[in-house]
Amino acid sequence: MIQNQNRSTRRILSFPAVHPCENIDPKPLIASIKDLALEICQFKSKSFCTNARNARETFRQVRNILTFIEEFPVEFDLGIHESAVLSLSELYFTLQKLRYLLEDCAREDARLFMIMKSDRVANQFRVFFRAIAAALDVLPLGLIDVSSEVKELIELVINQARKSRFEVDPDDKRVMGDIFLILGQFENGFVPDGSDLKRVLDYIGVRKWSDCNKEVKLVDSEIGYECSNEEKKGILSSLLGFLIYSRCVLFDSIDSKITQQQQFDSKCSSDLLNCINTDDFRCPISLEIMKDPVSIQTGHTYDRSSISKWFKSGNSSCPVTGKRLGSTSLVSNLVVKGLIQQFCIENGIPTGETNRKNRDITMTILAGSLAAEGAMKMVADFLADKLENGDLGARNKAAYEVRLLSKASIFNRSCLVESGVIPYLLKLLVSRDSLSQENAIAALLNLSKHSISKGVIVENRGLELIVDVLNNGLALEARQHSAATLFYLASVEEYRKLIGESTEAIPGLVQLVREGNDRARKNGLAAIYGLLIHFGNHQRVLASGVVPLLVNLLISCEKEELVTDSLAVLVSLAEKSDGAKVILCSGALAQVIGILDSSTSRAGNEQCVCLLLALCINGGSDVVEHLVKSPSLMGSLYSLLSEGTSRASKKASALIRILQEYYERSSSSSKTPILPRGRFIHALFS
């Protein structure tokens, strides 16, 4: 009866309790209250960094409630006593909320957040116990066959629940004062004393880098939820600055066990994804990757929006099996949702809703508060110094911190670039330590998204070093990061030219596409596509032998995203006659028509029709003649007119026009046109 499913998805200090139904059987209600009270008492073994006194008082009072519930007569008929049912229902409802509050007080990733919320937490304890007193007050004790001692005990609980003060612990207040003092130092540009920081962290039980990093992630996620509330966002940003500064400055190393476990968990997720047909991530109705997968009575899974529309249209059957449903209730499929999110992350696909709100990176151009701004500037200077003067371990940790900080904040990138970290990161690229090289190139990848960074990288011989990692990186991860870095550098016309002129850049990208995993291939294809924007790189890419490789990917690759990216590169090459000729000689035409006939990807179909149009224009009349004879092509093109993207629809119209004109020129008047004339005109002008 207790609802556990909200625990993994609820926000901190939210209390999604569920009322029992009105006609509930008394016996399971009493059993559920007992189970819930036992569960609350089990929290006694956990560590509470804040409101510890209030937690101890909670355990004492709930233990008394448990004693009373255990003495409750099983044969007592609650059905004839509405006040008793109401009392126990409200008790169950409030105990749920109390359990959620204790969960949050004992969370290992929210210690700083919770201590800064000590006033609210203490008030919640007060509110919940007042509610417990009110619930027990209407319980008809005189009608319940329990001992007088138990009745006295419950009366004692009622009195204590009303009178208990549940105030903020004095030690909590002192630590809150220390935190505000340190935040004030950040605001005014004063470097805080390390012992003051350590005293705060020791009090809340943060003693390792990984502990501090958990706190960073929690506060960062809360900022994402409070992005529209400037006051709350400012306070949270200040706390985030406090934690980031502490993580970078106080901890000399990253605890390896946690890092290894994270790598193991990531590998397990990747291995699991490799065993799953990713077509199962697509909704059987919309054929798009599901954002909010839900299961229905038959066990089949659909995207919530699609199946909801199906039911609202008057259908009461399973779309896949056709079986009539006794219930149209939807159950969230959290397992599939987690796998889809992992799949999207590994393949660079934007995700839909997740358990936390996605933060718009454009909102991070400012620090969020003066304290956060001051803390980040101090962190950037500290990391630059470690990269310049530290030993290999210190430089590696500093590079990893830059990698983390530059990933999701424009302001962080700006501070790090101004502090001068880029030249030191470039020096780490020649390190013979694999992890240092990977952290350095990943950090440079994140920084290369910042406009000023691109020039700094190039001015410090960065292109040469990044291309060397692309070809000779110690790990595949470093090579794929270097390809992505080249993609961002190639957004500048001057640098597109410089990269293309490097004799090893384009061949290195092609080799990465040939040998790499899916992520490496995707990064390599993106970089090649970016370089093709410069006309001078067209012949260089053709000469690299990439076309046969891409055609082979069209044939053998099962990842739709990679097929789409391969098609995009071929489209760019086909825009010139020499490129179109090489593509045709590789036998790509039949493959592209086949993909257009069978693919459910709108992006892939768009690239297919763009490629066919470019080959018709630049490949000669033989291409048009071949397409005219394809029996299925016209049906696919007409589908794109109504169902494809705006670009796909325009390209399909242009291709239909070319095919129709060719047919009319080559056909005698006695033959039936391949397309009815009226339908063709209607398609072009509708």
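Not measured: the values here are computed from a predicted model.

Criteria and thresholds
- Residues numbered from 1 in each chain as written.
- Predicted model: local features only at pLDDT ≥ 70, side-chain atom pairs only at ≥ 80, totals over all residues.
- Heavy atoms only, no water.
- Helix = DSSP H or I, 4+ residues; strand = E, 2+ residues; numbered from the N terminus.
- Buried < 20%, exposed > 50% of the residue type's maximum accessible area, 1.4 Å probe, protein only.
- Contact = heavy atoms within 4.5 Å.
- Axes fitted to C-alpha atoms, helices over the stretch in contact; angles between N-to-C directions.
- Left-handed = near helix turned anticlockwise from the far one by under 90°.
- Nonpolar A, V, L, I, M, F, W, Y, C, P; charged D, E, K, R; others polar.
- Phe/Tyr/Trp six-rings, centres within 6.5 Å; stacked < 30°, edge-to-face > 60°.
- Expected span 1.5 Å × (residues − 1).
- Pairing = 2+ DSSP bridges.
- Core = buried A, V, L, I, M, F, W, Y, C linked by side-chain atoms within 4.5 Å.
- Polar contact = N/O pair within 3.5 Å; in protein donor to acceptor, adjacent residues only side chain to side chain.
- pLDDT = per-residue confidence, 0-100.
- Disulfide = S-S within 2.5 Å.
- Salt bridge = Lys/Arg side-chain N within 4 Å of Asp/Glu carboxyl O.

## Some details on the overall build of the chain
Phase 1 of the analysis: The helix and strand tally for the chain stands at 34 helices and three strands.
Phase 2 of the analysis: For the chain, buried positions account for 51% of its 686 residues.
Phase 3 of the analysis: Within the chain, residue pairs in contact and separated by at least 24 positions form 72% of the contacts whose partners lie at least 6 positions apart.

## Remarks on the packing of helix α30 (residues 602–619) against helix α33 (residues 646–666)
Phase 1 of the analysis: Direction vectors running N to C along α30 and α33 enclose 35°, while the axes themselves pass 9 Å from each other. Taken as a pair, α30 and α33 cross one another with a handedness that is left-handed. Taking contact as the criterion, the partners of Glu606, Gln607, Val609, Cys610, Leu612, Leu613, Cys616 and Ile617 in α30 are, on α33, Arg647, Ala648, Lys651, Ala652, Ala654, Leu655 and Ile658.
Phase 2 of the analysis: Residue composition of the contact of α30 with α33, by class: eleven nonpolar, one polar and three charged.

## As for the packing of aromatic side chains
Phase 1 of the analysis: Under the criterion given, the structure shown has seven aromatic pairs.
Phase 2 of the analysis: Geometrically, the ring pair formed by Trp209 and Tyr400 is tilted, given 5.9 Å between the ring centres and 45° between the ring planes. With a gap of 191 residues between them, Trp209 in helix α9 (residues 209–225) and Tyr400 in helix α15 (residues 392–405) connect regions that are remote in the sequence.
Phase 3 of the analysis: What makes Trp209 buried here is its relative accessible area of 4%.
Phase 4 of the analysis: Ring geometry for Phe487 against Tyr488: centres 5.2 Å apart, planes inclined by 75°, an arrangement best described as edge-to-face.
Phase 5 of the analysis: The class for Tyr488 is partly exposed, based on a relative accessible area of 28%.

## Overview of the environment of Ala568
Phase 1 of the analysis: With respect to the helices and strands, the residue Ala568 is situated in helix α27 (residues 560–574).
Phase 2 of the analysis: The spatial distance from the C-alpha of Ala568 to the C-alpha of Ala526 is 9.2 Å, given a sequence separation of 42 residues.
Phase 3 of the analysis: Ignoring anything within four residues of it in the chain, the contact list for Ala568 reads Tyr529 and Gln607.

## Quick look at helix α14 (residues 370–389)
Phase 1 of the analysis: End to end, α14 covers 29 Å across 20 residues, agreeing with the expected 28 Å (1.5 Å per residue, within 8%).
Phase 2 of the analysis: All buried positions along α14 are accounted for by Ala371, Ala372, Gly374, Ala375, Met376, Met378, Val379, Ala380, Leu383, Ala384 and Leu387.
Phase 3 of the analysis: Those residues of α14 that are buried are in contact with α7 (170–187), α10 (230–250), α15, α16 (410–419) and α17 (421–428).

## Describing the sheet that holds strand β3 (residues 331–332)
Pairing between the strands of a sheet is mediated by backbone hydrogen bonds and can be parallel or antiparallel.
Phase 1 of the analysis: Spatial strand order, β2-β1-β3: three strands in an open sheet with antiparallel pairing. The open sheet has two edge strands, β2 (301–303) and β3, and neither has a second partner.
Phase 2 of the analysis: As paired strands, strand β1 (residues 293–295) and β3 are joined by two bridges and run antiparallel to one another. Paired with Val294 across the two strands is Ser332, which belongs to β3.
Phase 3 of the analysis: Contacts between helix α12 (residues 304–312) and the sheet are confined to β1, β2 and β3, with β2 contributing the most and set at about 95° to the helix.

## Regarding unusual backbone geometry
In most cases, non-glycine residues show a negative phi, while peptide bonds are predominantly trans.
Phase 1 of the analysis: Residue Asn51 is not a glycine yet carries a positive backbone phi of 55°.
Phase 2 of the analysis: Within the fold, Asn51 resides in the loop between α1 (26–42) and α2 (52–70).
Phase 3 of the analysis: Although it is not a glycine, Arg461 adopts a positive phi angle of roughly 60°.
Phase 4 of the analysis: Inspection of the secondary structure puts Arg461 in the loop between α19 (451–459) and α20 (462–472).

## A few points about the nonpolar core
In summary, soluble globular proteins display a tendency toward joint burial of nonpolar side chains.
Phase 1 of the analysis: Core analysis: the biggest nonpolar cluster contains 191 residues, and Phe242, Leu425, Leu627 and Leu637 have the highest contact counts within it.
Phase 2 of the analysis: Apart from residues lying up to four places away in sequence, Phe242 is in contact with Leu112, Ile182, Leu183, Phe186, Leu197, Val200 and Leu201.
Phase 3 of the analysis: Grouped together as the second largest cluster of nonpolar side chains are 16 residues, Phe281, Ile289, Val294 and Leu325 included.

## As for the environment of Glu515
Phase 1 of the analysis: Along the chain, Glu515 falls in helix α23 (residues 505–515).
Phase 2 of the analysis: There is a polar contact of 2.2 Å between the side chain of Glu515 and the side chain of Gln511.

## So, helix α5 (residues 118–137)
Phase 1 of the analysis: The terminal C-alpha atoms of α5 lie 29 Å apart, and with 20 residues this matches the ideal 28 Å at 1.5 Å per residue to within 8%.
Phase 2 of the analysis: Every buried residue of α5 is accounted for by Ser118, Val121, Ala122, Gln124, Phe125, Phe128, Phe129, Ile132, Ala133, Ala135 and Leu136.
Phase 3 of the analysis: In this structure, the buried residues of α5 make contact with α2, α3 (82–105), α4 (111–116), α6 (148–163) and α7.

## A word on the confidence of the model for the chain
Phase 1 of the analysis: Of the residues in the chain, 88% have a pLDDT of 70 or more, and the chain-wide mean is 85.
Phase 2 of the analysis: Looking over the chain, one finds the lowest element-wise mean pLDDT in helix α34 (residues 677–685), namely 37, and the highest in α17, namely 97.
Phase 3 of the analysis: Across residues 257–267, confidence stays below pLDDT 50; counting only partners more than four residues off in sequence or on other chains, it has four contacts.
Phase 4 of the analysis: Residue range residues 352–358 is modelled with pLDDT below 50. Its contacts to residues more than four positions away, or to other chains, number 16 contacts.

## Brief notes about the side chain of Ser636
Phase 1 of the analysis: Following the sequence through the fold, Ser636 ends up in helix α32 (residues 633–643).
Phase 2 of the analysis: Among all residues touching Ser636, those that are not within four sequence positions of it are Leu596 and Asp597.

## Looking at the state of the cysteines
Phase 1 of the analysis: Tallied over the full model, the rule gives zero disulfides.
Phase 2 of the analysis: The thiol of Cys49 is not disulfide-bonded; the next cysteine sulfur, from Cys105, is found 7.9 Å away.

## Thoughts on the pattern of salt bridges
Phase 1 of the analysis: This model, assessed by the stated rule, comprises 24 salt bridges.
Phase 2 of the analysis: For the salt bridge of Asp178 with Arg199, the shortest nitrogen-to-oxygen distance reads 3.7 Å. Taken together, the residues Asp178 in helix α7 and Arg199 in helix α8 (residues 194–204) connect sequence positions 21 residues apart.
Phase 3 of the analysis: On the accessibility criterion, Asp178 (16% relative accessible area) is buried.
Phase 4 of the analysis: Residue class for Arg199 comes out partly exposed when judged on its relative accessible area of 38%.
Phase 5 of the analysis: Residues Arg304 and Asp292 are paired through a salt bridge, measuring 2.7 Å at the closest nitrogen-oxygen approach. Residue Arg304 is found in helix α12, and its partner Asp292 is found in the loop between α11 (256–274) and β1; the two are separated by twelve residues along the sequence.
Phase 6 of the analysis: Among the residues examined, Arg304 registers a relative accessible area of 27% and is labelled partly exposed.

## A few points about the environment of His626
Phase 1 of the analysis: With respect to the helices, strands and loops of the structure, His626 is situated in helix α31 (residues 621–628).
Phase 2 of the analysis: Along the sequence, His626 and Leu589 sit 37 residues apart, while their C-alpha atoms lie 8.9 Å from each other.
Phase 3 of the analysis: Every residue in contact with His626, bar those within four places of it in the chain, is listed here: Leu589 and Ile593.

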